[in-house]
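Commentary on secondary and tertiary structure
Spelled out, the chains give:
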Amino acid sequence: MSLITNNYMNEISKVFAIGVDVLNGTRSLKNISLDLKLLAINGIVQAAKIGTNQGQSLITLSGFLSDLPVQIAPELEELEQVSAQFARQLTLCSIAVRRYLNYSEALRNLIARVLKYSRTAYTADDFNLLDPKVLAKLANHPAFKNVTQNDRENIIRFASKNQKVIELINDLLYDAHTLMNKASKKLDSIKRNGFIANYMGSNILIESSYLSSDQKSFSGLVENIKNIVKILDEQLMKISEDLSYGDSVITTLIKLKSK
Amino acid sequence: MKSEIIFDGDNHKWIVLGRDPEKSEEVIDTNEYIIVSDGQACLLDPGGIEIFPQVLTEITRHISTDNIACIISSHQDPDISSSLAMWTDLCPNVKVYCSWIWTGFIAHFGMGTKLSLIGVPDEGMEIPIGASRSNIYLVPAHYCHSSGNFSTYDPKSEILFSGDIGAALIPPDYPMFVDDFDRHTKLMEKFHLRWMPSTNALKNWVKRVRMINPKMICPQHGAIFRGENVTKLLDWLDRLDVGKWDMGAEVTDLNKTVWMKWKKR
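None of the values given here were measured: they were computed from a predicted structure.

**A short note on the environment of N109(A)**
Here N109(A) lies in helix 2 (residues 53-117). Each C-alpha atom, one on N109(A) and one on A124(A), is 7.9 Å from the other, the two residues being 15 residues apart in sequence. Residues within four places of N109(A) in sequence aside, it is in contact with P53(B) and T57(B).

Listed below in structure tokens is the structure:
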């Protein structure tokens, strides 16, 4: 396998792993969101027991917080769907790459054999078999001027097959890129709700700090709310980083084939 | 990968491919065969996906891939059929034959390509190749080893491709033809005792093949039998008692211990 093909394969494997990570991350958001809702409901119940004005404001704040998971539920659902499509697209891409690797290795072996017997300084590494333009003109290259009819036919057929597969991979990568952008936009929207959750959590913490010492049991609950909001933030950040990394890898891959 | 012409006459050739030094050790060595008749080619058990590039490249020494008209898969094993999607993708007009019982299973090797296979009926069939329509015959070899299994007989060359029957687990530099039959049986015995499930089926196959009386028997693994080694192989197979899994008392006792341990968990 040539260095450039090997590099291509490694990058595709990376992006495939990113697709799976994003999907898993998105699914975990649903659980975090459910935990947040349960804690907020618990907050409402605890605040109701306080029975003062402070209790009333805590009920209101916890109520807002418990509404957030409901508000982001459709967005999470959509993000999961987009992430699943994205992961599926990358799986198809990975299968197509596997096919490409086999065809390109056969073509490379064929070129190496043909060049070995023709008096030319060219080697198999001189041809970028990832570039559809190179593949389209391959049989007309001066290096293959004196090859047999049989070898010429085989070069044409293999090059054409490689070209088709690499174009398919590119189409799949472009589609994956579009889905990735879609997922990023959804994530931004969910992130805004994450900030609101964080803000609500902070307000609950401030409000609960005025509670008298016998009502301090509320602080444990607030701590849990803060923790879960922190986990939500971290998870959103991780997915965001994965998507950003995936974006750079896919962009590199699309460029790589035409280098 | 090496290739060797094992029959050449009257616009009709048999080529064997195998002994691939590039394949990884984990991958079992296989022989692939090509029949070329009047410019049209038929591949017999084209090999697994792991060796597809090598097989394809080696084939180009002999034919243009445009001329591959058919592929015969003797049975469903991955070392035979996992590359079929790559072949059908490369040669969209190729006809692929395999036992009817395996068509839906082999289609799982599609890798994004729709894998349409021609299901061969249990009694076998004849397949024409080349402009002069030389017929080759799919001879039933069910339960030798697969439950849907065929050997391929070519009357023009009098060669029988036997799939896993007569197969041997050989070292990398082993000759393409069997030279010392008795020594070779040591390499075949374990394979047959474990992979062949039915003595009855094997004896019936031997009976059929004795009637066909081929000059050469070509297995998918190991070395080719020709001349008197053909009869020796058939006699040897006729004496084999396969399909037994006799582990011996020691292993049975050990197994009992293991089973009990699992049961306790």
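Having seen it, we continue.
**Observations regarding helix 5 (residues 181-195) of chain B**
Residues and elements named next belong to chain B. Compared with the 21 Å implied by 1.5 Å per residue over 15 residues, the 20 Å span of helix 5 between its first and last C-alpha is a close match. Along helix 5, the sharpest kink reaches roughly 40°, centred on M188. Listing the buried residues of helix 5 in full gives F181, H184, T185, M188, F191 and H192. Packed against the buried residues of helix 5 are strand 13 (225-226) and helix 7 (228-239). The N-terminus of helix 5 is capped by D180, whose side-chain oxygen sits 3.3 Å from the backbone nitrogen of D182.

**Concerning the environment of S189(A)**
In this structure, S189(A) sits in helix 4 (residues 149-208). Sequence spacing of S189(A) and I72(A) is 117 residues, and the spatial spacing of their C-alpha atoms is 8.6 Å.

**Some details on the sheet that holds strand 1 (residues 2-9) of chain B**
Residues and elements named next belong to chain B. Strand order in the open sheet formed by seven strands is 1-2-3-4-5-6-7, with mixed pairing between adjacent strands. The open sheet is flanked by strand 1 and strand 7 (118-120), the only strands paired with a single partner. Here the average twist between neighbouring strands, direction ignored, is 20°. Where strand 5 (residues 68-72) lies against strand 6 (residues 95-99), three bridges are found, and the strand directions are parallel. Opposite I71, over in strand 6, you have V96 as the bridge partner. Taken strand by strand, helix 1 (residues 52-59) contacts strand 1, strand 2 (12-18), strand 3 (32-37) and strand 4 (40-44), and its axis lies near 145° from that of strand 2.

**Topic: the sheet that holds strand 11 (residues 159-163) of chain B**
All names here are of chain B. What the six strands build is an open sheet, ordered 8-9-10-11-12-13; its pairing is mixed. Pairing within the sheet leaves two strands with one partner each, and these edge strands are strand 8 (125-129) and strand 13. The pairing of strand 8 with strand 9 (residues 134-140) spans five bridges and is classified as antiparallel. Residue P128 lies in a different strand from strand 9, and its bridge partner there is N135.

**Some thoughts on the interface of chain A and chain B**
Every contact between the two is made by 17 residues of chain A and, on the other side, 22 residues of chain B. The contact between chain A and chain B buries some 1,900 Å² in all, and 49% of this surface belongs to carbon and sulfur atoms. When the area that chain A buries against chain B is broken down by residue, the three leading residues are R99(A), Y103(A) and R157(A), summing to 30%. Across the chain A-chain B interface, the total number found is four salt bridges. Of the charged contacts, one joins R98(A) and E50(B) as a salt bridge, the two residues approaching to 2.9 Å between their closest N and O atoms. Taken together, chain A and chain B are joined by 14 residue pairs in polar contact (both at pLDDT 80 or more). The biggest single contributor to the side of chain A that touches chain B is helix 2 of chain A, with 10 residues.

**What about the side chain of N149(B)?**
All names here are of chain B. With respect to the helices, strands and loops of the structure, N149 is situated in the loop between strand 9 and strand 10 (150-154). The exposure class of N149 is buried, given its relative accessible area of 0%. Apart from the residues lying within four places of it in its own chain, the contact partners of N149 are S74, H75, S99, V139, P140, A141, H142 and C144.

**Thoughts on the packing of helix 1 (residues 3-50) of chain A against helix 4 of chain A**
Residues and elements named next belong to chain A. At a minimum axis distance of 12 Å, the contact between helix 1 and helix 4 shows a crossing angle of 30°. Classified by the angle between their axes, helix 1 and helix 4 sit roughly parallel to one another. Judged by the sense of rotation from one axis to the other, the crossing of helix 1 with helix 4 is left-handed. Across the interface between the two elements, Y8, I12 and L36 from helix 1 touch I166, I169, N170, L173 and A197 from helix 4. Its residues assigned to classes, the contact of helix 1 with helix 4 comprises seven nonpolar, one polar and no charged.

**Here we look at the packing of aromatic side chains**
Counting across every chain of the model gives 10 aromatic pairs over all chains. Ring geometry for Y33(B) and F161(B): centres 5.2 Å apart, planes at 55°, overall tilted. Of this pair, Y33(B) sits in strand 3 while F161(B) sits in strand 11; the two residues are 128 residues apart in sequence, bridging distant segments of the chain. Considered together, Y33(B) and F161(B) belong to a single accessibility category, that of buried residues. By the ring-pair criterion, three or more aromatic residues cluster together here, those being Y103(A), F52(B) and W87(B).

Conventions used here
- Residues numbered from 1 in each chain as written.
- Chains lettered and ligands numbered in written order.
- Predicted model: local features only at pLDDT ≥ 70, side-chain atom pairs only at ≥ 80, totals over all residues.
- Heavy atoms only, no water.
- Helix = DSSP H or I, 4+ residues; strand = E, 2+ residues; numbered from the N terminus.
- Contact = heavy atoms within 4.5 Å.
- Expected span 1.5 Å × (residues − 1).
- Bend = angle between axes of the 7 residues up to and from the residue.
- Buried < 20%, exposed > 50% of the residue type's maximum accessible area, 1.4 Å probe, protein only.
- Polar contact = N/O pair within 3.5 Å; in protein donor to acceptor, adjacent residues only side chain to side chain.
- Pairing = 2+ DSSP bridges.
- Axes fitted to C-alpha atoms, helices over the stretch in contact; angles between N-to-C directions.
- Buried area = accessible area lost by both parts, 1.4 Å probe.
- Salt bridge = Lys/Arg side-chain N within 4 Å of Asp/Glu carboxyl O.
- Parallel < 35°, antiparallel > 145°, perpendicular 65-115°, else oblique.
- Left-handed = near helix turned anticlockwise from the far one by under 90°.
- Nonpolar A, V, L, I, M, F, W, Y, C, P; charged D, E, K, R; others polar.
- Phe/Tyr/Trp six-rings, centres within 6.5 Å; stacked < 30°, edge-to-face > 60°.

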